[in-house]
Amino acid sequence: MSLLELSEQEIIRRRSLEELRRLGVEAYPAPEFVVTCLSGDVREGFATRPDDFGAVVLAGRMMSRRVMGKASFFELQDAGGRVQVYATRDDLGEMMYDAVFKKLLDLGDIVGVEGFAFRTNTGEVSVHARRLTLLSKSLRPLPVVKEKEGRVFDAFTDPEVRYRQRYLDLIVNPRVKEVFVKRSRMVGAIRDFLTGMGCLEVETPVLQAIPGGASARPFETRHNALGIPMYLRVANELYLKRLIVGGFDGVFEFSRDFRNEGMDRTHNPEFTVMEVYVAYKDYFWMMDCTERMVEAAAMAVNGSTLARFGDNEVDFKRPYRRVRMSEAILEHAGFDITGKSEEELRAFCASAGLEVDGSMGKGKLIDALFGELCEHHYVQPTFIYDYPVEMSPLTKMHRSEPGLTERFELMVNGKELANAYSELNDPIDQLNRFKDQLSLQERGDDEAMFIDHDFVRALEYGMPPTSGMGIGIDRLCMFLTNSASIQDVLLFPQMKPERGAASDADERFAEIGVPAEWVPLLREAGFQTLEALKGVDNPNRLHQELCVLNKKRRLGLTPPTQAEVKGWVAM
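Residue indices follow the written sequence of each chain, beginning from 1 at its first position. In view of the model being predicted, local features appear only for residues whose pLDDT reaches at least 70, and side-chain atom pairs are presented and counted only at 80 or more, with totals across whole chains, interfaces and linings using the full set of residues. Hydrogens and water molecules were not included; the side-chain quantities draw on all heavy atoms of the structure.

Turning next to the overall build of the protein chain. Within the protein chain one finds 20 helices and 20 strands. For the protein chain, the C-alpha radius of gyration of 31 Å lies well beyond 25 Å, the compact-globule estimate for 571 residues. Taken along its principal axes, the extent of the C-alpha atoms in the protein chain is 85 × 75 × 50 Å. Exposed residues in this analysis have more than 50% of their type's maximum accessible area, buried residues have under 20%, and partly exposed residues fall in between, with area computed by a 1.4 Å probe over protein chains only. Taken across its 571 residues, the protein chain has 47% of its residues classed as buried. Under the convention used here, a 1.4 Å probe and the Shrake-Rupley method define accessible areas, while residue burial counts only the protein chains that appear. Working note: accessible area of the protein chain is about 28,400 Å², and carbon and sulfur atoms make up 50% of it. A positive count includes Lys and Arg, and a negative count includes Asp and Glu. His and the chain ends are not counted in either. To locate a charge, take atom NZ for lysine, CZ for arginine, CG for aspartate or CD for glutamate. On the protein chain, the mean spot of the 72 positive side-chain charges and the mean spot of the 88 negative ones are 6 Å from each other. Only runs of H or I of at least four residues qualify as helices and only runs of E of at least two qualify as strands under DSSP, and these elements are numbered from the N terminus. It is over C-alpha atoms that the radius of gyration is taken, and the globule rule equals 2.2 Å times the number of residues to the power 0.38.

Structure, rendered in structure tokens:
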């Protein structure tokens, strides 16, 4: 990388790296550095067990420092938080303290500290460094985030940069790291709950010949060796039910699913769903199971069933309210969907101002009705159940209500959190419903399901009565950590490609007389295009700025004359 492509700080850090190597200090040592405790252990344990911290070894990133004469302080950040470190020339030695610590180390550098814990005159638990080891030299400066008396100033909040450079976000925003620690705790609680219930965790294919199990647009790829199109899975449901056919009584999987659809604050094209299937159960049993599982997850994350999300406080303590879908639509939309034809549903949707088109069948129309007019009313956990058959191609027909299926969705904060069925195990009925989905494809519905003949064949061998449930792990994490966007609970969310600023080729600058060696300095001064250069109203100031950059970078270029710079601007 050319020096002209670097900022002033980046150049200074690279020169510090060169000087460290000249002094014989390895900036990226290979040997193991054995850490005995974390900063949090020191802060929390010293008051009651001071003798346990007579000799400590920590490692972490230098986040701030106050360099004085013979003694200085710096703040070390590790996986346990931050702790103040006291360093002196007497302990570290003249070379390490004066030449290295004071002049060649920078904020963001990773260091190892060997010493002992003590309390300063102001009462702050700190570590007195007996030895300091450079473990990794940081060549880019960190964003400066200031904090005083619990208040944060100049916070690193730009979401575009935070999501693209999550590593940087995790360094400078402690709460971000806490969210992902809580997410791990939540997943662990769900896994423990299901394994404790006797279910087996399994893994199923991500690459599928037929993208089944959900109504969604898939990502397409190609298997070169087999010469066939393949799809990234939109759901793992059909594979898990094959395992129930094979004799497992209960299986679950934390599944990375992919849907080639829109992106917004609650949807990412790559997301995590946990699906579970248990033989000889029905959807009423699964309601009980789901609310017990979600309650356990809430307790694991927050130590309470209460969770704040935006302006709402949600209580995940069971039991949850249960409302039939037809009753919910009648209550909030004033329309009874029972027995209505597709034309009647379409007419009502249009009269209610909903966007509808000819590709939408009864299922999509009812879904639009509920989603637009009803869903947002259900803030506290609520089971919406008994869905129309047109909305549920994989669900068993209702045991007593023609036209309905045994399905529920768990609604929280006006959003779907979980979806569950008494699973359809009649192979003839299943094949007919797949054919109905095929007719929707022919009408232009690119989210309709494919026919999976192998799955139908599996059902023909006999699948026991089964209940299945899928829950959005990302969305549950949002609710339990008060995260407004799904990007806040995904370590590396999908982003649009970075776009560079508009820039003219070097040859364009040469055409107006700019020497090749001065083009990089013009760019550093902020002029990426000839159009930008023409907008300069003070050529003499630009001339002065270029000369300053030439001197600062120690390039030794022959400066252009003021007249030459005026000529560039005038072209």
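Moving on from the coordinates now.
Attention now moves to the pattern of salt bridges. A side-chain nitrogen of Lys or Arg and a carboxyl oxygen of Asp or Glu constitute a salt bridge if their distance falls within 4 Å. Across all of its chains, the model carries 39 salt bridges by this definition. For the salt bridge of Arg22 with Glu19, the shortest nitrogen-to-oxygen distance reads 2.5 Å. With Arg22 and Glu19 both in helix α1 (residues 8-22) and three residues apart, the pair spans about one turn of that helix. Residue classification places Arg22 among the exposed residues on the basis of a relative accessible area of 59%. Owing to a relative accessible area of 26%, Glu19 belongs among the partly exposed residues under this scheme. Two residues, Arg318 and Glu295, come together in a salt bridge whose shortest N-O distance is 2.9 Å. With a gap of 23 residues between them, Arg318 in the loop between β15 (312-315) and β16 (321-324) and Glu295 in helix α9 (residues 283-302) connect regions that are remote in the sequence. Within this structure, Arg162, Arg166, Asp169 and Asp488 form a network of salt bridges that share partners.

Geometry of aromatic contacts follows a simple scheme: Phe, Tyr and Trp rings, the Trp one being its six-membered ring, pair when their centres are within 6.5 Å, and the pair is stacked under 30 degrees between planes, edge-to-face over 60, tilted otherwise. Enumeration according to the criterion identifies 13 aromatic pairs in this entry. Pairing Phe252 with Phe254 gives two aromatic rings, centres 6.1 Å apart and planes at 85°, and the pair type is edge-to-face. Taken as a pair, Phe252 and Phe254 share a single burial class, namely buried. Taken together, Phe73, Tyr86, Phe116 and Phe118 form an aromatic cluster joined through their ring pairs. Whether a charge sits over a ring depends on NZ of Lys or CZ of Arg being within 6 Å of the ring centre and within 35 degrees of the ring normal. We note Arg65 situated over the ring of Phe101; from NZ or CZ to the ring centre the distance is 5.6 Å.

Attention shifts here to unusual backbone geometry. The phi torsion of most residues other than glycine is negative, and most of the peptide bonds are trans. The peptide bond linking Arg318 to Pro319 adopts the cis configuration, its omega dihedral lying at 5°. On the secondary structure map, Pro319 appears in the loop between β15 and β16. The backbone of Asp386 shows a phi angle near 65°, a positive value even though the residue is not glycine. Inspection of the secondary structure assignment puts Asp386 in strand β17 (residues 382-388). Taking the relative accessible area as the measure of exposure, Asp386 reaches 5% and is therefore buried. If you check the backbone angles, Asn482 has positive phi at about 55° while not being a glycine.

Strands were regarded as paired on the criterion that DSSP finds at least two bridges between them. In space, the five strands of this closed barrel follow the order β1-β2-β3-β5-β4, with mixed pairing throughout. Taking the axes of each pair of neighbouring strands and ignoring which way they run, one obtains an average angle of 55° across the sheet. Against the sheet, helix α4 (residues 94-101) touches β1 (56-66), β2 (71-78), β3 (81-88) and β5 (125-136), its axis set at about 75° to β2. To define axes, lines are fitted to C-alpha atoms, for helices over the stretch in contact only, and angles between the resulting N-to-C directions are given on a 0 to 180 degree scale. Residue contacts are defined here by distance: any two heavy atoms, one from each residue, within 4.5 Å place the two residues in contact.

A sheet is described by the order of its strands in space; here eight strands give the open sequence β8-β12-β13-β20-β19-β18-β17-β16, paired in mixed fashion. Edge positions in the sheet fall to β8 (200-201) and β16, since each of these pairs with one other strand and no more. Summarising the sheet, strand β12 (residues 250-258) and strand β13 (residues 270-279) pair through nine bridges and their orientation is antiparallel. Across the sheet, the residue bridging to Glu253 is Glu275, located in β13.

Below, the discussion takes up helix α19 (residues 539-552). Each helix should span, by expectation, one fewer than its residue count multiplied by 1.5 Å. In this model, α19 (14 residues) spans 20 Å end to end at C-alpha, consistent with the 20 Å of a helix rising 1.5 Å per residue. For α19, the set of buried residues is Pro539, Leu542, His543, Leu546, Leu549 and Asn550. On an axial view of α19, the arc spanned by its buried residues comes to 125°, and they lie on one face. Of the residues in α19, the exposed ones pointing more than 90 degrees away from the buried face are Arg541, Gln544 and Lys551. Positive backbone phi, approximately 55°, marks Arg554, located one or two places after α19. It is the directions from the helix axis to the C-beta atoms whose arc is reported.

At a minimum axis separation of 9 Å, α19 and helix α20 (residues 562-570) run at an interaxial angle of 115°. Of the two elements, α19 crosses α20, and the hand of that crossing is right-handed. On α20, the residues that touch Pro539, Asn540, Leu542, His543 and Leu546 of α19 are Gln562, Val565, Lys566, Trp568 and Val569. Side-chain classes are defined by residue name, with Ala, Val, Leu, Ile, Met, Phe, Trp, Tyr, Cys and Pro counting as nonpolar, Asp, Glu, Lys and Arg as charged, and the others, Gly among them, as polar. In the contact of α19 with α20, the residues fall into six nonpolar, three polar and one charged. Left-handed is the label given to a crossing in which the near helix is rotated counterclockwise from the far helix by less than a right angle, and right-handed is the label when the rotation is clockwise.

Turning next to the nonpolar core. In terms of nonpolar packing, the biggest core is built from 45 residues, with Met186, Ile190, Met274, Phe316 and Ile471 touching the most fellow members. The dominant element in this core, judged by the number of residues it contributes, is α9, at nine residues. If sequence neighbours within four positions are ignored, Phe316 has contacts with Val294, Glu295, Ala298, Thr305, Ala307, Pro381, Val412, Phe479 and Leu480. The next biggest cluster of nonpolar side chains, apart from the first, holds 31 residues, and it includes Val42, Phe46, Leu76 and Val113. Residues belong to one nonpolar core when they are buried, are Ala, Val, Leu, Ile, Met, Phe, Trp, Tyr or Cys, and are joined through side-chain atoms within 4.5 Å.

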